[in-house]
Amino acid sequence: MKFSFNWIALAILAVLLLRVVALRSTPFFVAWFLFVSVTLCVFIAWQRKMDARSVINETKITEQHVILYPDDLQINGDLLKFSAFWIEGKQKIQSFYIFKSENERKLFLDYNETAIFSFRGTVKQPDGPTNENQFDYQKFLKTKNIVNTVNISELSEEKDDRSELSGAPAALAHVHNFRKYLLNYLGQTAQPLGGYSQLLLLGYYDSDFSDPIEIINKLGLLYLFSLSGMHVFYIISVLRWFFAKIYLSDEFCSWFLLIILPLYTILGGLSASLLRSVMMSWLILFSQIFFKKTISGVTVESLVLIINLYWCPMIVFAMGAQLSYLLTFVLIMNRRISPIRLGLKLTAYSIPIVLWNTYQWNWLTTILSVAIVPFFEWLVMPAVVIGAMVPVLGALCNEVLIVFTKVLFLFGSWPLTWDYGKPPLFFVVFWIILLFLLEQRNHSAKVLICLCTSFIFCALMIRFPLQDQVIYFDIGQGDSTLIRERFNGCITLVDTGGKVTFNNEEWKKRTSKTTGETIIANYLLSKGISKINNLFLTHQDTDHVGNFPSITQKIRVDHLFVPDGMEVLDSFRTRLAESTIETNKIYPISTAKSGKIGIFKILHPFIRGEGTNEDSITLNFKLRNTTFIISGDLAQDGEKEVINLFKTTQADILKTGHHGSKTSTSKEYVDKLKPKFAIISAGRNNRYGHPNIETIKTLNGFKVPYVNTASVGMVKIVPQGQHSAKVETFLKGNGEIR
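Residues numbered from 1 in each chain as written. Predicted model: local features only at pLDDT ≥ 70, side-chain atom pairs only at ≥ 80, totals over all residues. Heavy atoms only, no water.

Draft legend 1. Quick peek at the overall build of the protein chain. Scanning the protein chain for helices and strands turns up 26 helices and 24 strands. Here the C-alpha coordinates of the protein chain stretch approximately 95 × 70 × 50 Å along the principal axes. With 738 residues in all, the protein chain has 52% of them scored as buried. Sequence-distant contacts, at least 24 apart, represent 69% of the contacts inside the protein chain between residues at least 6 apart. Here the protein chain displays about 35000 Å² of accessible surface, and carbon together with sulfur accounts for 60% of that area. Looking at charge distribution, the protein chain has the averaged site of its 73 positive side-chain charges lying 10 Å from that of its 60 negative ones. (Helix = DSSP H or I, 4+ residues; strand = E, 2+ residues; numbered from the N terminus. Buried < 20%, exposed > 50% of the residue type's maximum accessible area, 1.4 Å probe, protein only. Contact = heavy atoms within 4.5 Å. Areas by Shrake-Rupley, 256 points an atom, 1.4 Å probe, with all protein chains shown as cover. Lys, Arg positive; Asp, Glu negative; His and termini not counted. Charge placed at Lys NZ, Arg CZ, Asp CG, Glu CD.)

Draft legend 2. Main features of the sheet that holds strand S10 (residues 481-484). Strand order in this open sheet of nine strands is S14-S13-S12-S11-S10-S9-S22-S23-S24, and the pairing throughout is mixed. What marks the edges here is a single partner per strand, and that holds for strand S14 (586-589) and strand S24 (733-737). Between one strand axis and the next, the sheet turns by 20° as a mean value, whatever way the strands run. Strand direction decides the pairing type here: strand S13 (residues 556-563) and S14, joined by four bridges, are parallel. Pairing of Leu560 across the sheet is with Ile586, part of S14. (Pairing = 2+ DSSP bridges. Axes fitted to C-alpha atoms, helices over the stretch in contact; angles between N-to-C directions.)

Draft legend 3. Just a nonpolar patch on the surface, in detail. Taken together, the side chains of Trp241, Phe242, Ile246, Leu248, Phe252, Phe256, Ile259, Ile260 and Leu263 make up a nonpolar region of the molecular surface, amounting to roughly 830 Å² of accessible area. Taken together, the elements giving at least two residues each to the nonpolar patch come down to helix H9 (229-245) and helix H10 (250-267). The biggest single contributor to the nonpolar patch is H10, with five residues. (Patch = residues over 30% accessible without salt bridge, like charges linked within 9 Å, V, L, I, M, F, W, Y side chains within 5 Å. Salt bridge = Lys/Arg side-chain N within 4 Å of Asp/Glu carboxyl O.)

Draft legend 4. Highlighting helix H19 (residues 515-526). Burial analysis of H19 places 10 of its 12 residues in the buried class, which makes it a mostly covered element. Within H19, burial applies to Gly516, Glu517, Ile519, Ile520, Ala521, Asn522, Tyr523, Leu524, Leu525 and Ser526. Of the residues flanking the end of H19, it is Gly528, one or two places downstream, whose phi is positive at about 75°.

Draft legend 5. Layout of the nonpolar core. In terms of nonpolar packing, the biggest core is built from 42 residues, with Tyr349 and Tyr420 touching the most fellow members. Looking at this core element by element, the count peaks at eight residues for helix H13 (residues 319-333). Aside from chain neighbours lying at most four places away, what touches Tyr420 is Leu355, Tyr359, Trp431, Phe455, Cys458, Ala459, Ile462, Arg463 and Gly528. Listed in part, the 31 residues of the second largest apolar core include Ile471, Leu482, Leu535 and Met714. (Core = buried A, V, L, I, M, F, W, Y, C linked by side-chain atoms within 4.5 Å.)

Draft legend 6. Broad picture of unusual backbone geometry. Residue Gln191 is joined to Pro192 through a cis peptide bond whose omega torsion reads 10°. Summarising the element assignment, Pro192 is placed in the loop between helix H5 (167-187) and helix H6 (193-202). Within the chain, His659 stands out as a residue other than glycine whose phi angle is a positive 60°. Among the secondary structure elements, His659 is positioned in the loop between strand S19 (653-655) and helix H24 (667-673).

Draft legend 7. Representation of the pairing of strand S9 (residues 469-472) within the structure. Burial along S9 is two-sided: Gln469 and Ile471 facing one way and Val470 and Tyr472 facing the other are all buried. Here four bridges tie S9 to S10, and the two strands are oriented antiparallel to one another. Bridging across to S10, Ile471 finds its partner in Leu482. Here three bridges tie S9 to strand S22 (residues 715-721), and the two strands are oriented antiparallel to one another. By the bridge assignment, Ile471 is partnered in S22 with Lys716.

Draft legend 8. Summary view of the environment of Trp418. By secondary structure assignment, the location of Trp418 is in strand S8 (residues 417-419). Taking relative accessible area as the criterion, Trp418 reaches 23% and is therefore assigned partly exposed. Here the alpha-carbon distance between Trp418 and Ile679, two residues 261 residues apart in the chain, equals 34 Å.

Draft legend 9. Summary view of the packing of aromatic side chains. Tallied over the entire structure, the rule returns 37 aromatic pairs. Note on Phe108 and Tyr111: the rings are 6.1 Å apart at their centroids and 50° apart in plane angle, and the pair reads as tilted. Note on accessibility: Phe108 and Tyr111 belong to one class, buried. Ring centres 5.3 Å apart and planes at 65° place the aromatic pair Phe243 and Phe256 in the edge-to-face group. In this pair, Phe243 is assigned in helix H9 and Phe256 in helix H10, connecting sequence segments 13 residues apart. For Phe256, a relative accessible area of 31% corresponds to the partly exposed category. The rings of Trp363, Trp418, Tyr420, Phe426, Phe427, Phe430, Trp431, Phe455 and Phe457 are connected pair by pair, giving a single aromatic cluster. (Phe/Tyr/Trp six-rings, centres within 6.5 Å; stacked < 30°, edge-to-face > 60°.)

Draft legend 10. Looking closely at the environment of Ser302. Looking at the secondary structure, you find Ser302 in helix H12 (residues 297-311). As for Ser302 and Ser579, which are separated by 277 residues in sequence, their C-alpha atoms are 48 Å apart.

Draft legend 11. Highlighting the sheet that holds strand S21 (residues 706-708). Strand order in the open sheet formed by seven strands is S15-S16-S17-S18-S19-S20-S21, with mixed pairing between adjacent strands. In this open sheet, the two edge strands, each paired with only one partner strand, are strand S15 (596-597) and S21. Where S19 and strand S20 (residues 677-680) come together, three bridges link them in parallel fashion. Counterpart to Leu654 in the pairing with S20 is Ala678.

Draft legend 12. Examining the pattern of salt bridges more closely. This structure, assessed with the given rule, holds 18 salt bridges. Taking the shortest distance from any N to any O, the salt bridge between Lys509 and Glu506 comes out at 3.4 Å. Classification of Lys509 as partly exposed rests on a relative accessible area of 43%. Accessibility expressed as a relative area gives 61% for Glu506, which makes it exposed. Asp564 is paired through a salt bridge with Arg608; the nearest N and O atoms lie 2.7 Å apart. Here the residue Asp564 occupies a position in the loop between S13 and helix H22 (570-578), and Arg608 occupies one in the loop between strand S16 (600-604) and strand S17 (618-623), the gap between them amounting to 44 residues. Because the salt bridges share partners, they merge into one network encompassing Asp564, Glu567, Lys593 and Arg608.

Draft legend 13. Here's a closer look at the pairing of strand S18 (residues 626-630). Burial analysis of S18 places five of its five residues in the buried class, the great majority of the element. Sheet topology note: the S17/S18 ladder contains five bridges and is antiparallel. By the bridge assignment, Leu619 is partnered in S18 with Ile630. Counting the residues between successive antiparallel strands, the hairpin from S17 to S18 contains two residues, one of them, Arg624, with a positive phi of roughly 50°. As defined by bridge partners, S18 adjoins S19 across two bridges and the pair is classed as parallel. Note that in S19 the partner of Ile629 across the bridge is Leu654.

Draft legend 14. Structural view of the packing of helix H11 (residues 272-290) against H13. Two elements in contact, H11 and H13, have axes separated by 8 Å at closest approach and are oriented at 40°. If you check the angle between H11 and H13, you find them oblique. Once H11 is placed against H13, the crossing between them reads as right-handed. Of the residues in H13, those touching H11 at Ala272, Ser273, Arg276 and Met280 are Ala321, Ser324, Tyr325, Thr328 and Ile332. (Parallel < 35°, antiparallel > 145°, perpendicular 65-115°, else oblique. Left-handed = near helix turned anticlockwise from the far one by under 90°.)

Right, here's the structure in full:
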């Protein structure tokens, strides 16, 4: 477990503890101190248990069995993804299976009943991130108590009668089957009613409903549309009203809710916010029925937090859980203030958490958080519930939701998103503590000044680095390099990476975010960068340019440079049409046309070509007297032509050509450049055998130390002056070049 994760857990518990202690007596403090101590011990014990279950090295397994629930299936092209209980391993696993035929895919599309499946494949611990601020899939699975993934090679349903479920697993299976039935039923209704009903009633994100969800997320309103306290409160209120209308007692309704609420957590997908809300409501009802007492909101939320930490300690690292517990706590402590002040407070508390997770903030969020709640409670929720339950009114309810969605899209089109960047963890905790201190009304002016000053200082620190940086992304089998001049004076991206696909059949095609979005654009946004001044595409190969359309959807590009002749290729024009770049921002370059662009000296191509490897752009640049060279996939003949024409060219940092292939990085090239360090960008276990042994021998022969992104992850070079630099690798630590 990473060091920062432990500090997040401690910070959340400490803030909650401090607030409770401020309101309670000394004996209560002692009790809470014991609670927290025991919880942290359980946290450590849980981590050791998970570590014991983790399969670090990939291991083959055969004749294994899983309990597969139909509502957990996700089908994307020829890929089947699901979480299931591994019977032999006695744990929950995340599984992946590639369909062998279109008919097999159709069978799973119609799969509606829980069953036991036998399988064989390979099991291992999921890979962690290899780039700074990259989405951590390993940590995400741990928030669901999953520590292993399985790549399944053979999957078949057990037909033996002995495989039938019984007891509690059978009851659980019926709930999952019913949820699948509801998902199918709601999915057949008109959009956007179908998408809203699946999202709001069952906590299911349909891929066909991705555009509205993206706008909702952009406006910072996803907490409203995720199953949360508002939904549970709405359900309880509706049920109490209904039972009163049919002359059933309030006590009967409470007993009914005690039974139905736990089932609803399963129907709702067991999200962190839903678990918190249901457990709080359930404990309050339980105390009222059996002890004739009402538990205070602070106490019941604290108990629920402790229970959830026992069940899954890593749940506190999920953004949904962080917002749910923090905002609920603020809501409990501020019940008597006006809705406008409450909305502003909830917004203020949510900003640190949102920035830590998404790096952006929409200025409309503050206004909408206050104004949209009545519309949501009296318009959206009734339209969804009535439209889902009364088909004859479905068309009318759908029209209401269409208008609501259009309004959201209108708000989302306004350029009011602030790309703040990712604040350090210290600032996130510091801001939340200051917000709690503001509640005390003592020295509030000084605290507010400190809060605003630190917020501005943090933004300046993120957006205006004091040093030049050159970042070589671990983009898999591809290339992408970021040159970030100090104070963000100029942002340059050389190549974008891209995945070469070989699926030709329509049913096999998958839809997913590109590494350009999840790695490159995500990193830029985390640094408060929303604009690329210069984008160089060295040549036409997909592994160098495939991601550029998706990046431009997130990041604005001022100038696009391509090798002279590539701008007329059909493949390039197709990608350009998918991007947001206008044709007047495209600049074909060669040494004949452009000698220098900013700090970049153009060494290749010499003449107009067709964007092939032989036409690759070669760039030579200097930062604080440290020189760099990047040459795309330029072959050895081209390298020799470069050093023959530009006889004084040298480079302290060499980006090896063609991912370390033997077709590049010639002995003559290395001898002439005299590099002090080399970077190889290659994918893990790639089919091409990169880097080639001949390239490694060449570097070793000239005593040039090197790193491979496949082994060390993202590489950051920070020039120090006098041909020296600091080397930071994401996975293997730091070093220096002298």
